[in-house]
Amino acid sequence: MEHRLAIRAITPLAHNVYQYDLEKPEGFDFEPGQATEVAIAKEGWEKEKRPFTFTSLPGWERLQFTIKSYPDHDGVTEQLAHLLVGDELIIEEPWGTIQYKGKGTFIAGGAGMTPFIAILRDLERKGDLPGHRLFFANRSERDIFCANELDSMAGLDVVHILSDEHKAPYEHGRIDKDFLRDRIDDFDQKFYVCGPPEMVDDINDALKELGADADGLVFEE
């Protein structure tokens, strides 16, 4: 079932990341971490559907998406960056395999952070964040989004990693096997991984080599 929804607010979060707040259909429900297919309700774009994750919580009055724009792709995300309040998006029913399954470590690369935002917000709402950790990898400081919110979440241990910049207080490098071995003491926990496909594959392989249970890896299949 499709829903045609008006944009109620657009908030820039980084140089190429925008938060879109939409009206919410009555009875529409989803689980934190789930996504849906989204299209722009404009001529020539209605059938160009792309998957985006809800960053709102199910109980909120509005739906929210946090979307990174890729101007060089000349595609949907580039068009989204030009939308205005009052424009409409078309969304479908929720789906997705990234859902909370227990205490663990979240590993995100760039826009791969978006499925974790609602999950972490939900854990914070319940007071269940202590004991969780987040590794958030980006190219540079200007690529980081939601940093103030994430860094202020009570009980969440947040580590920012930059691959292209040496800049305090952030760590420099990439999340690879050596990085994980040096920073994780217990591999008998859940690991939530989201980012570019190659990054997800490499990190999952590294985690398994370090002793993580394959059944404890949560990622979009």
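Everything that follows concerns the structure shown earlier in this document.
Rules of the game
Within every chain, residues take consecutive numbers counted from 1 along the sequence as written. At least 70 in pLDDT is required for a residue's local features to be given in this predicted model, at least 80 for side-chain atom pairs to be given and counted, and no such filter applies to totals for whole chains, interfaces and linings, which use all residues. Hydrogens and water molecules were not included; the side-chain quantities draw on all heavy atoms of the structure. A helix here means a DSSP run of H or I that spans at least four residues, while a strand means a run of E at least two residues long, and both kinds are numbered starting from the N terminus. Atoms considered for the radius of gyration are the C-alpha atoms alone. The globule rule reads 2.2 Å times the number of residues to the power 0.38. Between two residues, a contact is recorded if the distance between any of their heavy atoms is within 4.5 Å. What makes a salt bridge here is a side-chain nitrogen of Lys or Arg within 4 Å of a carboxyl oxygen of Asp or Glu, nothing more. Note on exposure labels: buried denotes an accessible area under 20% of the residue type's maximum, exposed denotes more than 50%, and partly exposed covers the range between, all computed with a 1.4 Å probe on protein chains only. Criterion used throughout: strands pair if DSSP finds at least two bridges between them. Only the stretch in contact is used when fitting a helix axis, every axis being a line fitted to C-alpha atoms; angles between N-to-C directions are given from 0 to 180 degrees. Points on a 1 Å grid over protein atoms alone make up a cavity when a 1.4 Å probe fits among them but cannot get out, and a pocket when they form an open set with protein on both sides within 12 Å along at least five of seven lines; lining residues each have an atom within 4 Å of a point. Grid points are joined across faces, edges and corners, and a volume is the space filled by probe spheres set on the points. By the convention adopted, Pro, Cys, Tyr, Trp, Phe, Met, Ile, Leu, Val and Ala count as nonpolar, Lys, Arg, Asp and Glu as charged, and the other residues, Gly among them, as polar. In this analysis, the expected span of each helix is defined as 1.5 Å times one less than the number of residues it contains. Taking the helix axis as origin, the arc is that swept by the directions to the C-beta atoms. The rule is short: rings of Phe, Tyr and Trp, with Trp giving its six-membered ring, pair when the centres are within 6.5 Å, and they are stacked under 30 degrees, edge-to-face over 60, tilted in between.

**Student:** Talk me through the overall build of the protein; I want residue IDs and the actual numbers.
**Tutor:** The helix and strand tally for the protein stands at five helices and 12 strands. Here the protein has a C-alpha radius of gyration of 17 Å; the compact-globule value for 221 residues is 17 Å, and the two agree. When its C-alpha atoms are laid out on the principal axes, the protein stretches across 50 × 35 × 30 Å. Partitioning the intrachain contacts of the protein with sequence separation of at least 6 by distance along the chain shows that 68% fall at a separation of at least 24.

**Student:** How would you sum up the pattern of salt bridges? Please name residues and give values.
**Tutor:** Taken as a whole and assessed by the stated rule, the structure comprises 15 salt bridges. The closest approach of N and O atoms between Glu149 and Arg121, which form a salt bridge, is 2.8 Å. A residue pair is termed long-range when its members are at least 10 positions apart, and Glu149 in helix 3 (residues 147-151) and Arg121 in helix 2 (residues 114-126) qualify at 28 residues. For Arg121, a relative accessible area of 10% translates into the label buried. A cluster of three or more residues bridged by salt bridges with shared partners is formed by Glu2, Lys49 and Glu92.

**Student:** So what's going on with the sheet that holds strand 7 (residues 104-109)? Residues and values would help.
**Tutor:** Taken together, the six strands give an open sheet; going across it, the order is 10-9-8-7-11-12, and neighbouring strands pair in parallel fashion. Strands with a single pairing partner mark the edges of an open sheet, and in this sheet they are strand 10 (171-172) and strand 12 (217-218). Pairing analysis gives two bridges linking strand 9 (residues 157-162) to strand 10, with the strands arranged parallel. Counterpart to Leu162 in the pairing with strand 10 is His172. In the packing of helix 2 onto the sheet, the strands contacted are strand 7, strand 8 (133-138) and strand 11 (190-194), and the crossing angle to strand 7 comes to about 145 degrees. Relative to strand 11, helix 5 (residues 197-209) is tilted by about 160 degrees, and along the sheet it contacts strand 7, strand 11 and strand 12.

**Student:** Describe the layout of surface pockets, listing the residues and the values that go with them.
**Tutor:** Roughly 1,300 Å³ of volume is contained in the largest pocket. Lining the largest pocket we find 44 residues, and of these Gly109, Ala111, Gly112, Gly195 and Pro196 sit closest to its centre. Of all the elements in the fold, those that place two or more residues in the lining of the largest pocket are strand 4 (50-53), strand 5 (63-68), helix 1 (76-80), helix 2, strand 8, strand 11 and helix 5. If one sorts the elements of the lining of the largest pocket by residue count, helix 5 sits on top with six residues. Across the lining of the largest pocket, the residue classes break down as 20 nonpolar, 14 polar and 10 charged.

**Student:** Describe helix 5, listing the residues and the values that go with them.
**Tutor:** With 13 residues, helix 5 extends 18 Å from end C-alpha to end C-alpha; this agrees with the ideal 18 Å at 1.5 Å per step. Every buried residue belonging to helix 5 is among Met199, Val200, Ile203, Asn204, Ala206 and Leu207, and all of these are buried. Buried residues in helix 5, looked at end-on, bunch into an arc of 165 degrees, giving them a common side. More than 90 degrees from the buried face of helix 5, the exposed residues found are Pro197, Glu198 and Glu209. Buried residues in helix 5 make contact with strand 7, helix 4 (177-183), strand 11 and strand 12. Of the residues flanking the end of helix 5, it is Gly211, one or two places downstream, whose phi is positive at about 110 degrees.

**Student:** Explain the packing of aromatic side chains residue by residue, including any values.
**Tutor:** Scanning all chains against the criterion turns up 11 aromatic pairs. For the pair Phe28 and Phe30, a centre-to-centre distance of 6.4 Å together with 50 degrees between the ring planes defines the contact as tilted. Take Phe28 and Phe30: they sit in the same class, and that class is buried. With centroids separated by 5.3 Å and ring planes inclined at 80 degrees, the aromatic side chains of Phe135 and Phe179 adopt a geometry described as edge-to-face. Placement of the pair is Phe135 in strand 8 and Phe179 in helix 4, with a sequence separation of 44 residues. This pair shows no difference in class: Phe135 is buried, exactly as Phe179 is. Each member of the aromatic cluster is reached from another via a ring pair, and the members are Phe28, Phe30, Phe54 and Phe65.

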